[in-house]
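Coordinate analysis (summary)
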Amino acid sequence: MSELLPNYAAGRWQTAGDAGTPLVDPVLGTELVRVSNTGLDLGEAFSFAREQGGAALRALTYRQRAALLGEVVKVLQAKRDAYYEIATANSGTTKKDSAVDIDGGIFTLGQYARWGDSLGDARVLLDGEPARLGKDPAFQSQHVLAPTRGVALFINAFNFPSWGLWEKAGPALLSGVPVIVKPATATAWLTQRMVADVVEAGILPAGALSVICGSSRGLMDQLQPFDVVSFTGSAETGAVIRSHPAVAERSVRCNIEADSLNSALLLPDAAPGTEAFDLLVAEVVREMTVKSGQKCTAIRRVFVPRAFYEAAADAISAKLRKTTVGNPRNDAVRMGSLVSREQLDAVRAGLAFLREQAEVLHDGGAQPLVDADPAIAACIGPTLLGARDPHAADRVHRFEVFGPASTLMPYDSLDEACALIRRGDGSLVSSVYGTDAQAIADAALALADSHGRVHAISPEVAALNTGHGNVMPMSLHGGPGRAGGGEELGGLRALNFYHRRCAVQASTAALGRLAANGTHPAR
Ligand code: NAP
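Residues numbered from 1 in each chain as written. Predicted model: local features only at pLDDT ≥ 70, side-chain atom pairs only at ≥ 80, totals over all residues. Heavy atoms only, no water.

Unlike most non-glycine residues, Ser251 shows phi in positive territory, near 60°. Since its relative accessible area comes to 53%, Ser251 is described here as exposed. A positive phi angle, near 60°, is found at Asp425, a position not held by glycine. Along the chain, the position of Asp425 falls in the loop between helix H13 (414-422) and strand S17 (427-433). (Buried < 20%, exposed > 50% of the residue type's maximum accessible area, 1.4 Å probe, protein only. Helix = DSSP H or I, 4+ residues; strand = E, 2+ residues; numbered from the N terminus.)

With 15 residues, helix H9 (residues 275-289) extends 21 Å between its outermost C-alpha atoms, agreeing within 8% with the 21 Å of an ideal straight helix rising 1.5 Å per residue. Taken residue by residue, H9 has Ala276, Phe277, Leu279, Leu280, Val281, Glu283, Val284, Val285, Glu287, Met288 and Thr289 as its buried positions. Directly after H9, the chain includes Lys291, whose backbone phi takes a positive value near 50°. (Expected span 1.5 Å × (residues − 1).)

What follows covers the nonpolar core. Counting 63 residues, the largest nonpolar core has Leu76, Phe154, Trp166 and Leu204 as the members making the most contacts within it. When residues in this core are grouped by element, the largest group, eight residues, is from helix H2 (residues 62-78). Those residues in contact with Trp166, other than ones at most four positions away along the chain, are Val72, Leu76, Gly105, Leu109, Pro171, Met194, Val198 and Leu209. (Core = buried A, V, L, I, M, F, W, Y, C linked by side-chain atoms within 4.5 Å. Contact = heavy atoms within 4.5 Å.)

A word on the domain arrangement of the chain. Taken domain by domain, the chain comprises domain 1 (7-258 + 487-519) and domain 2 (262-474). If you average the C-alpha positions of domain 1 and of domain 2, the two centres end up 31 Å apart. Listed as interface residues are 31 residues of domain 1 and, on the opposing side, 29 residues of domain 2. Here domain 1 meets domain 2 over a buried area of about 2,200 Å², counting both sides, of which 65% is carbon and sulfur. On inspection of domain 1 and its partner domain 2, the count reaches one salt bridge. In this structure, Asp25 engages Arg329 in a salt bridge whose closest nitrogen and oxygen atoms are separated by 2.7 Å. Joining domain 1 to domain 2, the criterion identifies eight residue pairs in polar contact (both at pLDDT 80 or more). Residue assignment for the side of domain 1 that touches domain 2 shows that the elements contributing at least two residues are helix H3 (80-91) and helix H4 (95-117). Of the residues assigned to the side of domain 1 that touches domain 2, the class counts are 14 nonpolar, 13 polar and four charged. (Domains from an automatic or database assignment. Buried area = accessible area lost by both parts, 1.4 Å probe. Salt bridge = Lys/Arg side-chain N within 4 Å of Asp/Glu carboxyl O. Polar contact = N/O pair within 3.5 Å; in protein donor to acceptor, adjacent residues only side chain to side chain. Nonpolar A, V, L, I, M, F, W, Y, C, P; charged D, E, K, R; others polar.)

This brings us to the packing of H2 against H4. For the pair H2 and H4, the least separation of the axes is 8 Å and the interaxial angle reads 155°. Considering their axes alone, H2 and H4 lie roughly antiparallel with respect to each other. Remark: the crossing between H2 and H4 carries left-handed chirality. Residue-level contacts link Tyr62, Arg63, Ala66, Leu69, Gly70, Val72, Val73, Leu76 and Gln77 of H2 to Ile106, Leu109, Gly110, Tyr112, Ala113, Gly116 and Asp117 of H4. Split into classes, the residues belonging to the contact of H2 with H4 amount to ten nonpolar, four polar and two charged. (Axes fitted to C-alpha atoms, helices over the stretch in contact; angles between N-to-C directions. Parallel < 35°, antiparallel > 145°, perpendicular 65-115°, else oblique. Left-handed = near helix turned anticlockwise from the far one by under 90°.)

Now for the pairing of strand S13 (residues 301-305). Judged by how many residues are buried, S13 sits mostly within the fold: five of five residues are covered. Two strands pair when backbone bridges link them, and strand S12 (residues 263-266) and S13 are joined in this way by three bridges, in the parallel orientation. Its bridge partner lying in S13, Leu265 is registered against Phe303. At this point the chain moves from S12, through H9, to the parallel S13, and the crossover so formed is right-handed. Alignment of S13 against strand S16 (residues 405-411), held across five bridges, turns out to be parallel. By the bridge assignment for S16, Pro305 is matched with Tyr411. (Pairing = 2+ DSSP bridges. Right-handed = clockwise from strand over helix to strand, strands pointing away.)

Once that is clear, we can look at the packing of H4 against helix H5 (residues 163-175). In a pair of packed helices, the angle between the axes and the distance between the axes together describe the arrangement. The contact between H4 and H5 brings their axes to 7 Å, and the two run at 10°. With respect to H5, the element H4 is oriented roughly parallel. Of the residues in H5, those in contact with Asp101, Gly104, Gly105, Thr108, Leu109, Tyr112 and Gly116 of H4 are Trp163, Gly164, Trp166, Glu167, Gly170, Pro171 and Leu174.

Next up on the list: the site of the ligand. Surveying the vicinity of the ligand reveals 26 residues, the closest of which are Asn156, Thr185, Ser234, Thr237 and His477. Contact between the ligand and Phe158: an oxygen atom at 3.2 Å from a main-chain N or O atom of the residue. Here an oxygen atom of the ligand and a side-chain polar atom of Ser234 are 2.6 Å apart. Contact with the protein chains hides 80% of the accessible area of the ligand, taken as 910 Å² for the molecule alone. In terms of residues, the shell around the ligand owes the most to one element, helix H7 (residues 235-242), which gives three residues. Within the shell around the ligand, the residues separate by chemical class into twelve nonpolar, ten polar and four charged. In terms of domain composition, the shell around the ligand takes at least three residues from each of domain 1 (7-258 + 487-519) and domain 2 (262-474). (Near = heavy atom within 4 Å. Areas by Shrake-Rupley, 256 points an atom, 1.4 Å probe, with all protein chains shown as cover.)

See the structure below:
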């Protein structure tokens, strides 16, 4: 039997009292390690983090906490090779795809270390300027953001075991809020190892960072009114979190990042043969194949002017045909594995469900694998579907296949295209491709209310743009409606979730003293 990974809770390593759940190499089918939290005293784990970790973090200034984040970055940088090995084994990802998770996570944490330093020795954030409450200016109201005196519980998805931890932990720890992370079971190993390395380095105060692997049972029950929970995963589990008594009755603040039917929109001036057309084609292919399409931001729906439908189908399919799929240890392989055989079954079933309303433009289902046994490996080639009547094909607007799949659709007017995009009921990101700055701005504004991010690409930013699916810490990540309604990142805006806003009404003199402990975060 493989090693049972210990949990780090209440300031010590604790091994569960049962055999645990095996984590499996999705390409080779071999068992790697096991995880479990059976027998763990969750009450003790949460109180220790809340009381010891929280108090120790709040005793520091933003700048001091930012310096700790900087030290954590150095530890993680030094251990990158080990993280890549774990990612190859447990997630079945190519080196390039592992980098999105591992280096993306370290980069994001580094950003919060830098931004945190700019907050200086403050202990509270000031929100706006003092406002007079009457004619006499001697009594005013100042809004402040004070770090919450609770714990931040992260319940994370399987596709980003590194980035999913650090993009949340950066803002939380910088805010002075201790973290308990519960990684998705399938890929918990990388999260557990990173936490182990940080714990071993002795950088953070006791209780500041804990990891609990295995079942989620009982975690939400521990949450108290000043705690927060940040969930990333499916809409179904998101609904369970949202309706838990901790949230529904105790008002625990809750951030939900759920699945989303993201889109790409080709504007009418981006005809086949133009650079903007090629940019869309390249990005759709990239989004379908990076991490085998297991990205919450991946392009699931592609809208093009009706006259360009065939050309777009041909161009995207031609590139997909060149994608080699299989064992990520083989240098010839461009796209690795899905996370598990269960996920492979789910992708196949999802594609069959969509195919009842769509034509197959490129079928990756039967693609031969490189260096991998199709009876064991969770690998599948990319599939492009097409729906010539996007109004009738309701499934493609509401059902997410979490794998290398996307659906191409024609539109007759831009208003119609935006209305079709909105049938996703709120998404993380939409990207727009064209050349005319006014048309791009109009499309971006038309999509802004239903998206957390609009990625608008024209030829002059071809080499500069950061990519449709790449979540940059400077920009908001999250989306309304079906995407979960959450907000993450966006620079120092991310700190808001871990602070409580309070209006302090006091004399101008007292507000002056208060302001001496605070700073206005640069946005
Ligand atoms: P999932 O099945 O919903 O699981 C997410 C997390 O919730 C896991 O840690 C899981 O633990 C835990 N969980 C399951 N049931 C729970 C319950 N009753 N109470 C509390 N926690 C529970 O999602 P997934 O399959 O890991 O991730 C894929 C989905 O996440 C996709 O739909 C994708 O679009 C979405 N996603 C969204 C974002 C975003 O930022 N918006 C990012 C990545 C992924 P176990 O693993 O132990 O079951």
